[in-house]
Amino acid sequence: MTQAEANIGVVGLAAMGASLSRNLARHGNTVAVFNRHYSRTQTLITEHGSEGKFVPAQTLEEFVASLAKPRTAIIMVKAGEPTDEMINALADLMEPGDIIVDAGNAYFKDTIKREKAIRARGLHYVGCGVSGGEEGALLGPSMMPGGTDESWQTLGPILKSIAAVAEGEPCVTHIGSDGAGHFVKMVHNGIEYADMQLIAESYDLMRRGLGLTPEEIAEVFEDWDKGDLNSYLVQITSEVLHHTDAKTGKPFIDIVKDQAGMKGTGTWTVQTALELGVPVTGIGEAVFARGLSSTVELRQEAQDKGLEGPKAEGAFSASAADPEERKAFIEDVRQALYASKIVAYAQGFNEMEEGAKVYNWKLDLGAIARIWRGGCIIRAKFLNRISDAYDSGEQFGSLLFDPFFKKAVEGAQDSWRRVVASAVAAGIPVPVFSSSLAYYDALRSKRLPAALIQGQRDLFGAHTYGRVDEPGIFHTLWAADKSELKED
Ligand code: 6PG
């Protein structure tokens, strides 16, 4: 009979699962490993068995039997049905008090349902966001575990042993129960979408607008990485732009199809924001931009039909020609990127605040910003500033009102406006730059044209409106006469 010696187990040994298992083993954990096809388990043991203590299992029964109590198993199988099947199979073999962890990307509402079903069987269910890709899983991811306080007692030390470390702190914290971990990971991904699209828009402005080469743009990003924009996504952007395609000798960026894929987490972020009533305009535009890039037939038809743009299509002739002006415009783009990025984070953090209210979670936003400083895809220097803002205890409705970010955006806004104006004039789409600026301006506006929309709604649908000078709900009898009826 197998000895129950493993303090943690991993089910599913594809790229992420195998990397996570190795990371766990390298950090002194005894790791039970199971994969549907045993050959994968054998490969892991043959290639990496010397990195630490693994307990390979041929069957799920053997796997569960090799776990010490409370048995803790991390599931790293495909999202959806395979995950559900594995949860049930494990729950059938486990006992009350044992812990099942889903470390894939899952829709937080599914996690809430799963947690409830598993809790009814006396077990713990933890939806755990894991960010950092394959490399992160191996060398230190950022992790966002949900689940009960009790499960965190067991899981906490294990996850801390393998997490990325930022400024001496492990990038993992207990987010809360009932889907909170997967909710926060979902918002992380929404911000990731906005950040990536903003970087892509910056590239486009320099490529099409200024006529710089990919190599030159890579150097600009390298330079930006030394300042406020220091981040993993900016770093990998330089790497992608420096890369030459081995087959053709062309810049890699020019041989890649311009159709961005997506697995769905960005869409969940926007759907959830709509349900919560939180305007995440930058994230929304980033998701739509990926969608638009993939409407291949529609885009082809636009080419075929010769849909016309402005006369000065594409090129910023003045700034492109003069080196000083070019330098100044690149600095404008840098500032615009910084300001728009702050807006994207402000919107994402608002979504978390609202989600916490509706789903009854106590999200520690300062701690969330801290665990995103290392290991995850959106890791960036300025997350320190976000954690400072939330840790200060000051109450503010938006990150944009925090003194540091208020000053940063105010300082960047002239550049931001110039960039959006130049892009619009040249016919270069900058959906996230422009929607973030529109969000900023809408937020600042003392009076919005929403008043007119209320008038229209009342006229065609008797939807009523509020008055600025009197409390209550009103309706105007538009056709009959011009008088107002107070409804309450
Ligand atoms: C991470 C990433 C990851 C994401 C994939 C693909 O934090 O490690 O966000 O979870 O799922 O990178 O995402 P898309 O296919 O949606 O771009």
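Report follows, based on the coordinates. (Residues numbered from 1 in each chain as written. Predicted model: local features only at pLDDT ≥ 70, side-chain atom pairs only at ≥ 80, totals over all residues. Heavy atoms only, no water.)

## A few points about helix H10 (residues 232-242)
Alright, step 1. Among all positions of H10, only Leu233, Val234, Thr237, Ser238 and Leu241 are buried. Along the long axis of H10, the arc covered by the buried residues comes to 145°, so they all point the same way. (Buried < 20%, exposed > 50% of the residue type's maximum accessible area, 1.4 Å probe, protein only. Helix = DSSP H or I, 4+ residues; strand = E, 2+ residues; numbered from the N terminus. Arc of directions from axis to C-beta.)

## Brief notes about the environment of Gly179
Alright, step 1. Along the chain, Gly179 turns up in the loop between strand E9 (169-170) and helix H8 (180-209).
Alright, step 2. A relative accessible area of 1% means that Gly179 is categorised as buried.
Alright, step 3. Measuring from C-alpha to C-alpha, the distance between Gly179 and Pro145 comes to 8.9 Å, with 34 residues separating the pair along the chain.
Alright, step 4. With residues near it in sequence (within four places) discarded, Gly179 still touches Phe108, Thr111, Ile112, Glu115 and Trp361. (Contact = heavy atoms within 4.5 Å.)

## Focus: the packing of H8 against helix H12 (residues 265-276)
Alright, step 1. Running from N to C, H8 and H12 point in directions that differ by 110°, and their axes come no closer than 8 Å. As far as their axial angle goes, H12 and H8 are roughly perpendicular. Residues Phe183, Met186, Val187, Asn189, Gly190 and Tyr193 of H8 lie in contact with H12, whose contacting residues are Thr265, Gly266, Trp268, Thr269, Thr272 and Leu276. (Axes fitted to C-alpha atoms, helices over the stretch in contact; angles between N-to-C directions. Parallel < 35°, antiparallel > 145°, perpendicular 65-115°, else oblique.)

## Some details on the packing of aromatic side chains
Alright, step 1. In total, this model carries 18 aromatic pairs according to the counting rule given.
Alright, step 2. Aromatic pair Phe349 and Tyr390: ring centres 5.3 Å apart, planes at 15°, arrangement stacked. Of this pair, Phe349 sits in helix H16 (residues 323-359) while Tyr390 sits in helix H18 (residues 383-391), and the two are 41 residues apart along the sequence.
Alright, step 3. Each residue in the set Tyr107, Phe108, Phe183, Trp268, Tyr359 and Trp361 is aromatic and connected to the rest through ring pairs, giving one cluster.
Alright, step 4. Taking NZ or CZ as reference, Arg379 lies 4.0 Å from the ring centre of Tyr232, over its face. (Phe/Tyr/Trp six-rings, centres within 6.5 Å; stacked < 30°, edge-to-face > 60°. Lys NZ or Arg CZ within 6 Å of the ring centre and 35° of its normal.)

## What to know about the site of the ligand
Alright, step 1. As a matter of local geometry, the ligand sits amid 14 residues, with Ser131, Lys185, Glu192, Tyr193 and Arg290 nearest to it.
Alright, step 2. One nitrogen or oxygen atom from the main chain of Gly132 is found 3.0 Å from an oxygen atom belonging to the ligand.
Alright, step 3. Between an oxygen atom of the ligand and a side-chain N or O atom of Lys185, the distance comes to 2.7 Å.
Alright, step 4. If the ligand stood free it would expose 420 Å²; the protein chains cover 79% of that surface.
Alright, step 5. Broken down by element, the shell around the ligand gets its largest block of residues, five residues, from H8. (Near = heavy atom within 4 Å. Polar contact = N/O pair within 3.5 Å; in protein donor to acceptor, adjacent residues only side chain to side chain. Areas by Shrake-Rupley, 256 points an atom, 1.4 Å probe, with all protein chains shown as cover.)

## Observations regarding the pairing of strand E5 (residues 99-102)
Alright, step 1. The alternating pattern of E5 places Ile99 and Val101 on one face and Ile100 and Asp102 on the opposite face, and all of these are buried.
Alright, step 2. Here strand E4 (residues 72-75) runs beside E5; their pairing, made up of four bridges, is parallel. Each residue of the ladder has a partner; that of Ile75, found in E5, is Asp102.
Alright, step 3. In the classification by handedness, the crossover that spans E4, the intervening helix H4 (residues 81-93) and the parallel E5 is right-handed. (Pairing = 2+ DSSP bridges. Right-handed = clockwise from strand over helix to strand, strands pointing away.)

## Here's the deal with the sheet that holds strand E6 (residues 124-131)
Alright, step 1. Judged by pairing direction, the sheet is mixed, and its seven strands sit side by side in the order E3-E2-E1-E4-E5-E6-E7 without closing on themselves. Lying at the two open borders of the sheet, with one neighbouring strand each, are strand E3 (53-56) and strand E7 (142-145). Each adjacent strand pair in this sheet contributes to an overall mean axis angle of 25°, direction not counted.
Alright, step 2. Here strand E1 (residues 8-11) runs beside strand E2 (residues 30-34); their pairing, made up of four bridges, is parallel. Residue pairing in the sheet places Val10 in a bridge with Val33 of E2.
Alright, step 3. Against the sheet, helix H2 (residues 38-48) contacts E2 and E3, and its axis sits at roughly 160° relative to E3.

Geometric descriptors of this kind do not, in isolation, establish any biological role.
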